[in-house]
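Tertiary structure, described
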Amino acid sequence: MTIDELKKILRESGVVGAGGAGFPTYAKLDERANTILLNCAECEPLLTLHRQLLKLRAEEILKAFEEVRKTVKATEGIIGIKSEYTATINELNKYIDDYPAIRIKELPGAYPMGDEVVLIYEATGKVVRPGGLPIEQGVAVFNVETMYNVSKAMNAKLGVTEKLVTIVGEVTDPKTVRLPIGTSIDEAVSFAGDVKIEEPVYFVGVPMMGRIMKGSDPITKTTNAILVLPKDHTLVLKKQADTSIQLNRAASICCQCQMCTDLCPRHALGHPIEPHLFMRAASNRDFQDMNPFLNTFYCSSCGLCELFSCPQGLQPRTLITEYKNGLRAKGVKPPAEPKVHDVIRQRDDRKAPEKRLAARLGVTQYECEALLEEDTKSVRQVKINLSQHIGAPSKLNVKVGDVLKKGDIVGLAADGLGVNIHASVDGKVVEATDKYVKIKA
Ligand code: SF4
Ligand code: SF4
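Residues numbered from 1 in each chain as written. Chains lettered and ligands numbered in written order. Predicted model: local features only at pLDDT ≥ 70, side-chain atom pairs only at ≥ 80, totals over all residues. Heavy atoms only, no water.

Comments concerning the side chain of Thr222
This is how the line gets drawn: Here a strand is any run of E in DSSP of at least two residues, a helix any run of H or I of at least four, and the numbering for each starts at the N terminus. Only protein chains enter the accessibility calculation, which uses a 1.4 Å probe; a residue is then buried when its area is under 20% of its type maximum, exposed when over 50%, and partly exposed in between. Throughout, a contact is declared for two residues whenever any of their heavy atoms are within 4.5 Å.
Tracing the chain through its elements places Thr222 in the loop between strand S9 (211–213) and strand S10 (225–229). In this structure Thr222 comes out as buried when scored by relative accessible area, which is 18%. Contacts of Thr222, omitting those with residues within four sequence positions, involve Gly17, Ala18, Gly19, Gly20, Ala21, Gly22, Lys163 and Gln388.

This is the structure in C-alpha cells:
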C-alpha cells in the first residue's frame, strides 16, 4: 500500500488520535518518519484501557503497526510500554519475533511518560525542539487505540464509530466499556453500576489533564475516561478555582522554591519553560522581561507543577494556560528561536512516581483494573459532534428524518485536517445542525 492510499483510507474512516487533541492520523503518515512509536505509556493515574486493549488484540495491533511502518518506510517500530504491564508485554512477546524491525522499549512508572516529547526522548534519545513536531526528529507516534482503529480501517474499511472509555471513581462497578460515539456521559456512567454519592461531578479525560463536563455532554473520539468525583474533591476544587484569586495567592505565598521548574518535564528536556519565573513575574505584574510570559507557549499543560510539585498548593499550570490563551487571542506568536538548554543531568531522579502522584491527587482509593468489556453497549440516543478533533470540523451530510445505518457518513471531511464522521448507531436523525447530529437509536 502507498502512503497516499493509506491516507485516503484513514481520512475516509475518520481515524484521529484516540485521546489528547485527536490529531488526524492520516496527517502523521510521512516519509520523513524513520521511527514509528506505539504509545502504551498510559501515563495518567487510573487509565488502564491501552494496556488491556493491547493485551487482548496484540496480534492484530502489531500487524497494523508493521503495515504502517512499511508504508511510511520507517526503519524501526518501537512499542513504548511501562515495565509493570507484564501481562501485556508477555502477550506481545508471543508475536514480536515475527517482526524483526519492531522492538519493545520498557518505560519507568512515572508521569508524564505518555507525553509525546517525553516518550520520544525515552525511546530514542531525541529531543523534539520547543514548539516543534515529532516528525522533525523523524518520529511519528500513535497510541494503542488509534492503531486498533487503523487496523479496522485498513482491513475492513470500517469508520470510527466506537470509543473505549474507562469509568472509575464513586461508582459501584468500575470498568472499561466500548461505547457508540455520541453516548451521553450520564448513560456511559450507568454502565458502571450505581453512583455512590449525591451530586457527583464528572471529571472527564483523567485526573491530570481532564476537565469537568455535564452529564448531557457526549463521548467523542478522544474521550478516554470518566472519573466520578464528590463535589468537594481536591481535583474538582482546583479546577473550579478563580484565577484572579490564584494570582493573588501566588503574590503572597510563592516562596520561589523553584520546585515547579525543577520537576517540570519539558524544562528537564531543555525547553525554556520556567514556571517559577512566570509565577514571580505574573503575580508581581512585572513586565520588564517578557520571556517568562512568552515561554508559556512551551508548557505542555501536564499539570505536574500544580498537582504534584508546588508545596504551597499554587496553580502555575492554570495561570500559565490563562496567559498563553490570552497571548494567542492577541495574535502573539511563540518566539521564532527559543533559547534551549541541555537536557538536565538530574532528569532521571526528578521523575514523578505514579503511585506517589496518585496519592497526591487523592485518587489512590479509585485505583482498580477497570476490566475491559469487549461488547459494544446499546444506547438510546447519540449526539455526534461535527468537531471532535484538532483541525477543521466536518460538514453536515444528513438532515432530520434520515434513517441511517451505523457507519453512514454524517459529517464529510473538510479541507484542513478534516476527517469523515460516521453514525455510531442504526437510527433516525432527530436533530441536525452545523455543530452536531442527534440520532435516536
Ligand atoms: S513550586 Fe510553588 S511556591 Fe515554589 S516557586 Fe513554584 S509556584 Fe512558587
Ligand atoms: S504544566 Fe507545569 S510542569 Fe507541566 S509543562 Fe507546564 S509548566 Fe511544566
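Points about the domain arrangement of the protein chain
Our working definition: Segmentation into domains, and thus their bounds, comes from an automatic or database assignment.
We note that the domain assignment places domain 1 (3–156), domain 2 (161–233 + 363–377), domain 3 (239–361) and domain 4 (380–441) within the protein chain. Averaged C-alpha coordinates put domain 3 and domain 4 at centres separated by 38 Å.

What to know about the environment of Leu164
Note on placement: Leu164 falls in strand S6 (residues 162–169). Judged by its relative accessible area of 0%, Leu164 is buried. Separated by 12 residues in the primary sequence, Leu164 and Thr176 have C-alpha atoms spaced 6.6 Å apart. Leu164 has contacts with Leu49, Leu53, Glu145, Thr176, Val177, Arg178, Thr223, Asn224 and Leu372, leaving out every residue within four places of it along the chain.

A short note on the site of ligand 1
As a reminder of what qualifies: Here a residue is considered near a molecule or strand provided that any single heavy atom belonging to it is located within 4 Å of it.
Lining the immediate environment of ligand 1, one finds 13 residues, of which Cys254, Cys257, Gln258, Cys260 and Cys310 sit closest. For the shell around ligand 1, the secondary structure elements donating two or more residues are helix H10 (259–262) and helix H12 (275–283).

Some details on the site of ligand 2
Keep this limit in mind: Residue type decides the class: Asp, Glu, Lys and Arg count as charged, Ala, Val, Leu, Ile, Met, Phe, Trp, Tyr, Cys and Pro as nonpolar, and the leftover types, Gly among them, as polar.
Around ligand 2, a shell composed of 13 residues is seen, among which Cys264, Cys299, Cys302, Gly303 and Cys305 lie nearest. When contributions to the shell around ligand 2 are tallied by element, the ones reaching two or more residues are helix H14 (304–309) and helix H15 (316–329). Residue composition of the shell around ligand 2, grouped by class: 9 nonpolar, 3 polar and 1 charged.

Some thoughts on the packing of aromatic side chains
Heads up, the condition is: To pair, rings of Phe, Tyr and Trp, with the six-membered ring standing in for Trp, must have centres within 6.5 Å; the planes then decide the type, stacked if under 30 degrees apart, edge-to-face if over 60, and tilted in the middle. For a Lys NZ or an Arg CZ to count as sitting over a ring, it must be within 6 Å of the ring centre and within 35 degrees of the ring normal.
Enumeration according to the criterion identifies 4 aromatic pairs in this entry. Measuring from ring centre to ring centre gives 5.3 Å for Phe287 and Phe293, while their planes differ by 35°; the resulting arrangement is tilted. The exposure class of Phe293 is buried, given its relative accessible area of 2%. Seen from their ring centres, Phe293 and Tyr323 are 5.4 Å apart, and the 35° between their planes marks the pair as tilted. Residue Phe293 is found in helix H13 (residues 291–294), and its partner Tyr323 is found in helix H15; the two are separated by 30 residues along the sequence. In this arrangement the basic side chain of Lys28 is found over the ring face of Phe142, its NZ or CZ atom lying 5.8 Å from the centre. In this arrangement the basic side chain of Lys383 is found over the ring face of Tyr436, its NZ or CZ atom lying 4.4 Å from the centre.

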